[in-house]
Amino acid sequence: MSIQENVGGKGPIPARKSTTELDCESAALLRAAIRPIFDSAASWGNLADLLTQKGYRLAFRQGILCVTDRTTDERVCGLRFLGFEFRELVRRMGRPIVVARGSEADGDVLAARPTQNDT
């Protein structure tokens, strides 16, 4: 069986998108830098503040909680990549405060409950 048969015999073999996929060393470094923040966070607000200090933030993308780059808003990784389950974090810290964005089950996790400004 040739490689061409594996890709349907049409055109060149597609290359992976190097800008959106991490190599194994970068993935290990990312986990090593971010996972301890999740482990030590006492609350969602604390977690959001710690991630902000590192240049990241929490957001839901298509219904999945992700770590995103604070400046570009690009998705960096999901919870499973870091070895966490959303259910586990909710059990430990309670439900996060989320503001819905758009129509694709997207939203931002807030560090604190918004207050109403009466001025």
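What counts, and at which threshold
What you see as residue numbers is a count from 1 along each chain, following the sequence as written. Selection of residues for local features in this predicted model requires a pLDDT of at least 70, selection of side-chain atom pairs for listing and counting requires 80 or more, and totals for whole chains, interfaces and linings are taken over all residues. Hydrogens and water are ignored here; the side-chain numbers use all heavy atoms of the structure. Under the scheme used here, helices are H or I runs from DSSP no shorter than 4 residues and strands are E runs no shorter than 2 residues, and both carry numbers assigned from the N terminus. Accessible area is worked out with a 1.4 Å probe on protein chains only. A residue is then buried under 20% of its type maximum, exposed over 50%, and partly exposed in between. Centres within 6.5 Å are what make two rings of Phe, Tyr or Trp a pair, Trp counting through its six-membered ring; a difference in plane orientation under 30 degrees is then read as stacked, over 60 as edge-to-face, and the rest as tilted. Cation placement over rings: the criterion is NZ of Lys or CZ of Arg within 6 Å of the ring centroid and within 35° of the ring normal. For our purposes a nonpolar core is just a set of buried Ala, Val, Leu, Ile, Met, Phe, Trp, Tyr and Cys residues, chained together by side-chain atoms within 4.5 Å. Any two residues whose heavy atoms approach within 4.5 Å are treated as being in contact. Each pair of strands is called paired provided DSSP finds at least two bridges between the two strands. A fitted line through C-alpha atoms serves as each axis, taken over the contacting stretch for helices, and the angle formed by two N-to-C directions is quoted from 0 to 180°. The span one expects for a helix is its residue count, reduced by one, times 1.5 Å. Given a residue, its bend is the angle between the two axes fitted to the seven residues that end at it and to the seven that start from it. Two N or O atoms form a polar contact when they lie within 3.5 Å of each other; inside protein one atom must be a possible hydrogen donor and the other a possible acceptor, and for residues adjacent in sequence the pair counts only when both atoms belong to side chains.

Checked against the element boundaries, Asp 49 lands in helix H3 (residues 44-53). Note on Asp 49: relative accessible area 42%, which makes it partly exposed. Considered as a pair, Asp 49 and Ala 112 are 63 residues apart in the sequence and their alpha carbons are 9.8 Å apart.

Another point: the packing of aromatic side chains. Counted by the stated rule, this structure contains 3 aromatic pairs. Centroid distance Trp 44 to Phe 86: 6.1 Å. Interplanar angle 45°. Geometry classified as tilted. Here Trp 44, found in helix H3, pairs with Phe 86, found in helix H5 (residues 86-93); they are 42 residues apart in sequence, far enough to count as distant. For Phe 86, a relative accessible area of 33% gives the class partly exposed. Taken together, the ring pairs connect Trp 44, Phe 60 and Phe 86 into an aromatic cluster. A cation over an aromatic ring shows up here: Arg 31 above the ring of Phe 81, its NZ or CZ 4.0 Å from the ring centre. If you follow Arg 35 out to its NZ or CZ, it ends over the ring of Phe 84, 4.3 Å from the centre.

In this structure, Ile 34, Phe 38, Trp 44, Leu 47, Leu 51, Leu 58 and Val 67 are the most contacted members of the largest nonpolar core, which totals 20 residues. Counting residues per element, the ones that place at least two in this core are helix H2 (24-40), H3, strand E1 (56-61), strand E2 (64-69), helix H4 (79-82) and H5. Residue contributions to this core peak at 4 residues, all from H2. The residues contacting Trp 44, other than those within four sequence positions of it, are Leu 58, Leu 65, Phe 86, Leu 89, Val 90, Met 93, Gly 94, Arg 95, Pro 96 and Val 109.

Taken together, 5 strands build an open sheet; the order of strands is E3-E2-E1-E5-E4 and the sheet is antiparallel. Unpaired on one side and paired on the other, strand E3 (75-78) and strand E4 (97-101) mark the two borders of the sheet. Between one strand and the next, the sheet's axes are offset by a mean angle of 35°, whatever the strand orientation. Pairing of E1 with E2, which is carried by 6 bridges, proceeds in the antiparallel orientation. The residue of E2 that forms the bridge with Ala 59 is Cys 66.

The end-to-end C-alpha distance of H2 is 24 Å, a good match for the 24 Å that 17 residues give at a rise of 1.5 Å each. Along its length, H2 reaches its greatest deviation from straightness, about 25°, at Ile 34, and the proline Pro 36 lies no more than four positions downstream. Turning to H2, its buried residues are Ala 27, Leu 30, Ile 34, Ile 37 and Phe 38. Looking at the buried side of H2, the elements it contacts are H3, E1, E2, E3, H4 and H5. Residue Asp 23 occupies the N-cap position of H2, its side-chain oxygen lying 3.1 Å from the main-chain nitrogen of Glu 25.

Before going further, it helps to spend a moment on the pairing of E4. Pairing of E4 with strand E5 (residues 106-110) involves 5 bridges; the strand directions are antiparallel. Pairing of Ala 100 across the sheet is with Gly 107, part of E5. Linkage of E4 to E5, two consecutive antiparallel strands, is achieved through a turn of 4 residues, within which Gly 102 is found at a positive phi near 70°.

Any functional reading would require information that these geometric values do not contain.
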